[in-house]
Number of protein chains: 2
Amino acid sequence: MQRIRNMGLRLTPQRIAILEYLDGNVNHPSAEEIYNAVAKKYPTISFATVYNTLETLKRKKGILELTIDPRRRRYDPNTEPHHHIICVQCRKVADVHADFDLRLPESNVEGFKVLSKQVEFYGICPECDNQN
Amino acid sequence: MQRIRNMGLRLTPQRIAILEYLDGNVNHPSAEEIYNAVAKKYPTISFATVYNTLETLKRKKGILELTIDPRRRRYDPNTEPHHHIICVQCRKVADVHADFDLRLPESNVEGFKVLSKQVEFYGICPECDNQN
DNA sequence: TTATTAAGTTAGAATTAATCAAAATTAATA
DNA sequence: TATTAATTTTGATTAATTCTAACTTAATAA
Ligand SMILES: [Mn+2]
Ligand SMILES: [Mn+2]
Ligand SMILES: [Zn+2]
Ligand SMILES: [Zn+2]
């Protein structure tokens, strides 16, 4: 948790609780899921704090904000480059670890400066597939 | 516009207007942008109709719904497989036409059935880049 | 220690995108 | 031209996220 201090942030119980919940979490939780989990141990925490903290961590590159679910943002403590697949039925998000070659043909980007990239897969997870 | 009928849909002025606006449009507009554009020529159209029509067209595979902008959904009349880049500053979305090899190592997907895939690039567009 | 204070938290209101429900309208057809 | 199922409309509703302003606290330095 010294990590928080190294980012130039104050070490608060709320931040500790949020980071503890996220640490090693591969479920790509939404803000609400984070709130619910943290509120169990820390009942007075507010949504605003969850959003504030996620925004701060995102800016400090401590987490990733995923845009793979059209309904809500998902958060990922794994900031290493990797990809994702979402189940279009239950909206579960899983990691896709594969090393794709995503370099662009110079001409192609209309002069954009590329900051990051990732592949998004859409599909049906095994659990949902069973139910059909 | 016979295209609408071929989908088994009724040919309404609202749908014609929406499709005319989308046809050949490479700006990946949001529902609001579509509403505003169509409302100019067809002032009585409602948001519900825009959303209904987009949902219907999406189901019939007549358009794509993009999840690249965390704030709002974007729509794309180009249903050919291609990729996108979004300017993280002004949120402009541009096409990326490139043929990436996105096949997954069997083992890797945890049993998901893949339905579709696309690469998302994040960056800064030339216009925004100038302003810095 | 204690005092100071900028940073962080909180509750609740506000905003925004998207969905829903029910009544009114209309395109397609026979 | 009448019928009717599909579509549109309005307005309310839901849900995610942001905002505001008052309150609290972690960090620091005397
Ligand atoms: Mn991940
Ligand atoms: Mn496109
Ligand atoms: Zn699933
Ligand atoms: Zn831009």
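Residues numbered from 1 in each chain as written. Chains lettered and ligands numbered in written order. Predicted model: local features only at pLDDT ≥ 70, side-chain atom pairs only at ≥ 80, totals over all residues. Heavy atoms only, no water.

Residues and elements named next belong to chain A. Their axes nearest at 10 Å, the elements helix H3 (residues 31–41) and helix H4 (residues 47–59) cross at an angle of 120°. In terms of orientation, H3 and H4 fall into the oblique class. Both H3 and H4 take part in a crossing whose hand is right-handed. For the pair H3 and H4, contact is made by Ala31, Glu32, Ile34 and Tyr35 and by Phe47, Val50, Tyr51 and Leu54, respectively. Its residues assigned to classes, the contact of H3 with H4 shows seven nonpolar, no polar and one charged. (Axes fitted to C-alpha atoms, helices over the stretch in contact; angles between N-to-C directions. Helix = DSSP H or I, 4+ residues; strand = E, 2+ residues; numbered from the N terminus. Parallel < 35°, antiparallel > 145°, perpendicular 65-115°, else oblique. Left-handed = near helix turned anticlockwise from the far one by under 90°. Contact = heavy atoms within 4.5 Å. Nonpolar A, V, L, I, M, F, W, Y, C, P; charged D, E, K, R; others polar.)

All names here are of chain B. Binding of the zinc ion (ligand 4) to the protein goes through Cys87 (SG), Cys90 (SG), Cys125 (SG) and Cys128 (SG), at separations of 2.2 to 2.3 Å. One can describe the donor arrangement at the zinc ion (ligand 4) as tetrahedral, given that its four donor atoms subtend angles of 106 to 113° at the metal. In terms of primary sequence, the donors binding the zinc ion (ligand 4) are separated according to C-x2-C-x34-C-x2-C. In this pair, cysteine 87 sits in strand S3 (residues 83–87) while cysteine 125 sits in the loop between strand S5 (113–124) and helix H5 (126–130), placing the two residues 38 residues apart along the sequence. The class of cysteine 87 is buried, set by a relative accessible area of 0%. (Donors = N, O, S within 2.8 Å, 3.2 Å for Na, K, Ca; no water. Tetrahedral: all angles 85-135°; square planar, octahedral: opposite > 155°, others 65-115°. Buried < 20%, exposed > 50% of the residue type's maximum accessible area, 1.4 Å probe, protein only.)

Before going further, it helps to spend a moment on the side chain of serine 30 of chain B. Residue and element names in this part refer to chain B. Here serine 30 is to be found in the loop between helix H2 (13–22) and helix H3 (31–41). For serine 30, a relative accessible area of 1% gives the class buried. Among all residues touching serine 30, those that are not within four sequence positions of it are Arg72, Arg73, Arg74 and Tyr75.

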